[in-house]
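Chain and residue survey
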Amino acid sequence: MNYLNTILPASFGKIEFLLIDIPFVTPFVTSSYTWNGKQALILHLEADGVSGYGECVADPDPFYSPETTVSCRYIIREFILPLLKPGMALGEFLTAMEHIRGNYMAKATVENALVDLLARRDRVPLFTFLGLPKRRIHSGISLGLQNTPEELCRKVGEAVHSGYHRVKMKIKKGKDYQFIEAVRDKYPDILLMADANGDYQPEDRELLSSLDTFELTMIEQPLSYNDIYLHSQLQPFLKTPLCLDESIHSIEDCKTALDLNACGVINIKEGRVGGITNALMMAKLCAENNIPVWSGGMDETGIGRAFNIHLQCSPYFTLPGDTSETTRYFKEDIIDKPVVLEHDGFIEVPEGHGTGVEVIPAKLQKFLLATEEVTL
Ligand code: OSB
Ligand code: MG
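Residues numbered from 1 in each chain as written. Chains lettered and ligands numbered in written order. Predicted model: local features only at pLDDT ≥ 70, side-chain atom pairs only at ≥ 80, totals over all residues. Heavy atoms only, no water.

**Details of the coordination of the magnesium ion (ligand 2)**
Stated precisely, the cut-off is as follows: Keep in mind that water is not among the atoms, so a site may look incomplete; donors are the N, O and S atoms within 2.8 Å of the metal, or 3.2 Å for Na, K and Ca. To qualify as a helix, a DSSP run of H or I must reach at least 4 residues; to qualify as a strand, a run of E must reach at least 2; elements of each kind are numbered from the N terminus. A simple rule labels every residue: compare its accessible area, found with a 1.4 Å probe on the protein chains alone, to the largest value its type can have, and call it buried under 20%, exposed over 50%, or partly exposed in between.
At this site the magnesium ion (ligand 2) is bound by Asp 195 (OD), Glu 220 (OE) and Asp 245 (OD), with donor distances of 2.1 to 2.3 Å. Written as a sequence motif, the donor arrangement for the magnesium ion (ligand 2) is D-x24-E-x24-D. With Asp 195 in strand S6 (residues 192-195) and Glu 220 in strand S7 (residues 219-220), the pair connects residues that are 25 residues apart, well separated along the chain. In terms of burial, Asp 195 and Glu 220 fall into one category: buried.

Structure (structure tokens):
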């Protein structure tokens, strides 16, 4: 990872937080919460004549992760940004951040803004800066909980028709077997998986193993958001591979899950695991242990979405992830170009410098809740 030797700017012309709120086209319903829009904390850095943007994947609430937009802003301002020193290499900065415990979403926000800025300064796309080959990315859709199996089947039908490579459906207790059965009856051959966001207990083992008949590619985070061990006890009772999402924050968590055989797949959200560099290290470790990984999403705006796309240029990401078209989430986004599916369901990596997506000032203004300028 040669990019880690890149020297950071000697000083920053501007460091600012932008808090934005973009309404969703339709509410996103999961077993843990219903989100009506994306409130996102954006970090904007300016130096050496270019800008870099990082999007924090935390929500304003602690219902997916303990980190929130407010906790991240605090940790970034008080503890992460003060670690930036003139003449420092990116890798040295990442090492300095390890002194701060946890707070991986906050760390990812700053790493993202820096690598975007450095790639733009080098006038190369982010994937090139990271040393990754250019490739087209698989698409995948994450459908929220629906009221009836019929409504769900209609949504799955739309997704299949659009060309999505795999469909993920949210499940929760009472909205599982019948809903999956209805989809499988109609779409016997699609890559289908279910995400429980931690709604089940070890006692639900029989119910979870009854889902084996539907040949799901995986069941994501059936047990607690906080657990790896109980998943390792559940996995032997299921044919379907388990996938861990919210309980994996770090390389250490990843090693624990691998050693315990707690899952057959890991969902790597770079914004949840401390950024691109950690995500690449985790993906490599999983590949060495024959555990396939995919890139999850957090309903990001076009800024965060672009990082997930560049990350998937890494050949370690072998499974389709939660990378969907912009129009699935927002009528208007704050960036150009929006994500679209090609005729065969693949997604192009943006060609421009850095993430290759450009903030539209008028759209940013429209959805802006607050700004805060930071001086080091
Ligand atoms: O569990 O993967 C999840 C969105 C927000 C929080 C948690 C999750 C999700 C998704 C949607 O499933 C992924 C996406 O479309 O970006
Ligand atoms: Mg999930």
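Anyway, onward from the coordinates.
**Quick notes on the packing of helix H9 (residues 251-259) against helix H10 (residues 276-288)**
Rules: Convention adopted: a line fitted to C-alpha atoms gives each axis, helices being fitted over their contacting stretch, and angles between N-to-C directions are expressed from 0 to 180 degrees. By the definition adopted for this analysis, an angle is roughly parallel if under 35 degrees, roughly antiparallel if over 145, roughly perpendicular if from 65 to 115, and oblique otherwise. Less than a right angle of anticlockwise turn of the near helix away from the far helix marks a crossing as left-handed, whereas a clockwise turn marks it as right-handed. Contacts were defined at the residue level, with two residues in contact if any of their heavy atoms lie within 4.5 Å. Here the nonpolar group is Ala, Val, Leu, Ile, Met, Phe, Trp, Tyr, Cys and Pro; Asp, Glu, Lys and Arg are the charged ones; every other residue, Gly included, is treated as polar.
Between H9 and H10, the least distance of the axes is 10 Å, while the angle of their chain directions is 15°. The angle between H9 and H10 places the two elements in the roughly parallel class. Read as a crossing pair, H9 and H10 show a hand that is right-handed. Listed contacts from H10 to Ile 251, Cys 254, Lys 255 and Leu 258 of H9 are Asn 278, Met 281, Met 282, Leu 285 and Cys 286. Considering only residue class, the contact of H9 with H10 consists of 7 nonpolar, 1 polar and 1 charged.

**Notes on helix H6 (residues 177-186)**
What H6 keeps buried is the set Phe 179, Ile 180, Ala 182, Val 183 and Arg 184. Here the buried face of H6 lies against helix H5 (149-162), strand S5 (167-170) and S6.

**What about the environment of Gly 174?**
Tracing the sequence through the fold places Gly 174 in the loop between S5 and H6. When its relative accessible area of 67% is taken as the criterion, Gly 174 is described as exposed.

**Regarding the sheet that holds strand S3 (residues 50-56)**
Sheet strands pair via backbone hydrogen bonds, and the direction of the pair is either parallel or antiparallel. Condition: By the convention used here, strands pair only if DSSP detects at least 2 bridges between them.
As summarised here, the arrangement of the 4 strands in space is S3-S2-S1-S13, forming an open sheet in which the pairing is antiparallel. Strand pairing shows two members of the sheet lacking a second neighbour, S3 and strand S13 (368-373), which therefore form its edges. Looking at each pair of strands side by side, their axes are set apart by 25° on average, direction ignored. Both strand S1 (residues 14-29) and strand S2 (residues 34-47) contribute to a ladder of 12 bridges, which runs antiparallel. Along S2, the bridge assignment pairs Leu 19 with Leu 41. Sitting on the sheet, helix H1 (residues 69-80) touches S1, S2, S3 and S13, and the angle it makes with S2 is about 15°. Across the sheet, helix H11 (residues 302-311) touches S2 and S3, and the angle it forms with S3 is around 90°.

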